[in-house]
Protein chains: 2
Amino acid sequence: MLRKLQGFSKLEEADAAALAIIEAGTRLVPAGTDLISEGDRPEGMIAITEGFACRYKLRANGARQITAYLIPGDICDFETSILNRIDHTIGTLSTCRVARIGPETGRELRQRPALARGLRTVALVDEATLREWMMNIGRRSAVERLAHLLCELLVRLRAVGLASGNSFDLPITQIDLADTTGMTSVHVNRSLGELKRAGLIERKGKRVTLCDLPRLVELAEFRSNYLNWEAQTAA
Amino acid sequence: MLRKLQGFSKLEEADAAALAIIEAGTRLVPAGTDLISEGDRPEGMIAITEGFACRYKLRANGARQITAYLIPGDICDFETSILNRIDHTIGTLSTCRVARIGPETGRELRQRPALARGLRTVALVDEATLREWMMNIGRRSAVERLAHLLCELLVRLRAVGLASGNSFDLPITQIDLADTTGMTSVHVNRSLGELKRAGLIERKGKRVTLCDLPRLVELAEFRSNYLNWEAQTAA
DNA sequence: CGGCTCCTTGACTTAAGTCAACGCACGTGG
DNA sequence: CCACGTGCGTTGACTTAAGTCAAGGAGCCG
């Protein structure tokens, strides 16, 4: 998994070995666990190899805004000691397999030029994704938002080999989707129903299928450019 | 101005000289000008020394989402050649004084350790701000959103000496505010009116005064931590 | 003095939120 | 192995925040 991620963002040599080590020290974490809390001192990195995690913030009234998904292959790097307090929390949405990378090994990884470059690319893509999500919440209707999110997930999961054709497992609740898209779980439910009725998606259990991807892409005005490593490798 | 920005994020020596040079090659740009367009090849940096600019994205139907403000002292650094296409546009909201920094000089600046560190800090703060805005749009009411935005602007403008007491010049339209907060200009107008009626803010022309900052902060649940260099210098 | 663009306001519509109930699946413990 | 609890999904009836449409006014510039 980790391999995949690094694989596309930059060419690797035997850095793969370094990553393999990481995968060794992996732990299984139940859903709803905070891996890092707001206000913590950032250190090292965290990598997800299975399941969905997220970055989120809370309001005093309990309202939650999810600002990013961490899916298998994703790494979040806390540029150690540049900022000394984290402004958000990272928690699991489903059961996850997580690798924690200490500050020392983190430094080692960043020493390898190819990996360092990969990590910076990841950071830039994450930021671009943040902007796209903002557009999503601010300027798209409920149905469009969900359509867009599903398209994004398909692309990202494909990149790590976790989608087969146009379908993938989405191990998170509609409440999570609501907190991602800035809506209510009730309205997420209805909007998903609308997409289903329109024949754009299908769901059985945790499995989602984007039956009519072209129409979905058009509806959401989805352009994958912001996620694009492709542009990278082409360069 | 530039000095200020760097001043807080990291201690400087004679890097100031390097920055001074930048300020020399500065141009005046009218409002509504795009400095960099989506799809461009990123190169060098752009610094704003006067006026308000922003990052934004457009939808096919013309809807605009502003994802960040660039105020005097802000620099945006396109990590040259890491990504090769920009996913958003940068344009001026008011008349601006802008410094364009070529790729070569950009590299030079990044060579100076203190400046490099400063730039990375800026990038991290920008990202944190992005997350806070997302929370703003996704999970706060119209009035709260505006209150939060105003608080943020006060803090940021203070940091560069552009606020006197609790008031500052806001040289942008209510349409811009709407595109920032994911609402309509009409509703921005009404919500601002509400803040004014509640005695929280005052406006005359472009000048905004946050009369009752404590209540405004409370209403918006504003915590400046995400902008905090203070934390940095303390470290 | 037009002719912009922006601000302001009112009347009305609509998308999304709220409240509430019920069913279903899952997991745990008796 | 079944009984029960709990969290999630689903649906309906109703409320509300925000959007839409539209028109007038204010400021600014050439």
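Here, the structure is the one placed above.
Here the structure is a predicted model, which is why all the values come from computation and not from measurement. (Residues numbered from 1 in each chain as written. Chains lettered and ligands numbered in written order. Predicted model: local features only at pLDDT ≥ 70, side-chain atom pairs only at ≥ 80, totals over all residues. Heavy atoms only, no water.)

1. A look at the interface of chain A and chain B
Contact with chain A, which involves 48 residues of that partner, is made by 48 residues of chain B. On inspection of chain A and its partner chain B, the count reaches 12 salt bridges. A salt bridge links Arg139 of chain B to Asp179 of chain A; the nearest nitrogen and oxygen atoms lie 2.8 Å apart. Applying the counting rule to chain A against chain B returns 24 residue pairs in polar contact (both at pLDDT 80 or more). Mapped by element, the contributors of at least two residues to the side of chain A that touches chain B are strand E4 (53-58), strand E5 (64-70), helix H4 (113-139), helix H6 (174-181) and helix H9 (230-234) of chain A. Per-element tally for the side of chain A that touches chain B: the top contributor is H4 of chain A, with 16 residues. Split by residue class, the side of chain A that touches chain B holds 19 nonpolar, 11 polar and 18 charged. (Contact = heavy atoms within 4.5 Å. Salt bridge = Lys/Arg side-chain N within 4 Å of Asp/Glu carboxyl O. Polar contact = N/O pair within 3.5 Å; in protein donor to acceptor, adjacent residues only side chain to side chain. Helix = DSSP H or I, 4+ residues; strand = E, 2+ residues; numbered from the N terminus. Nonpolar A, V, L, I, M, F, W, Y, C, P; charged D, E, K, R; others polar.)

2. Topic: the protein's contact with DNA strand D
Contacts to DNA strand D come from 15 residues, most closely from Gln174 and Asn189 of chain A together with Ala142, His187 and Arg190 of chain B. In the interface set of DNA strand D, defined as its atoms within 4 Å of the protein, sugar plus phosphate atoms amount to 71%. Between a phosphate oxygen of DNA strand D and a side-chain N or O atom of Gln174 of chain A, the distance comes to 2.9 Å. In the environment of DNA strand D, a base nitrogen lies 3.2 Å from a nitrogen or oxygen atom belonging to the side chain of Arg190 of chain A. Listing elements by their share of the surface near DNA strand D, those giving two or more residues are H6 and helix H7 (185-197) of chain A together with helix H7 (185-197) of chain B. For the surface near DNA strand D, the class distribution of residues is 5 nonpolar, 7 polar and 3 charged. (Near = heavy atom within 4 Å.)

3. Overview of the pattern of salt bridges
Using the criterion set out here, one finds 34 salt bridges over all chains in the structure. One salt bridge connects Arg64 of chain A with Asp176 of chain A, and the closest N-O pair in it is separated by 2.7 Å. Of the two residues, Arg64 of chain A sits in strand E5 while Asp176 of chain A sits in helix H6, which places them 112 residues apart along the sequence. Taking relative accessible area as the criterion, Asp176 of chain A reaches 7% and is therefore assigned buried. Overlapping salt bridges, with partners in common, bring together Lys57 and Asp87 of chain A together with Glu127, Arg131, Glu132 and Arg140 of chain B in one network. (Buried < 20%, exposed > 50% of the residue type's maximum accessible area, 1.4 Å probe, protein only.)

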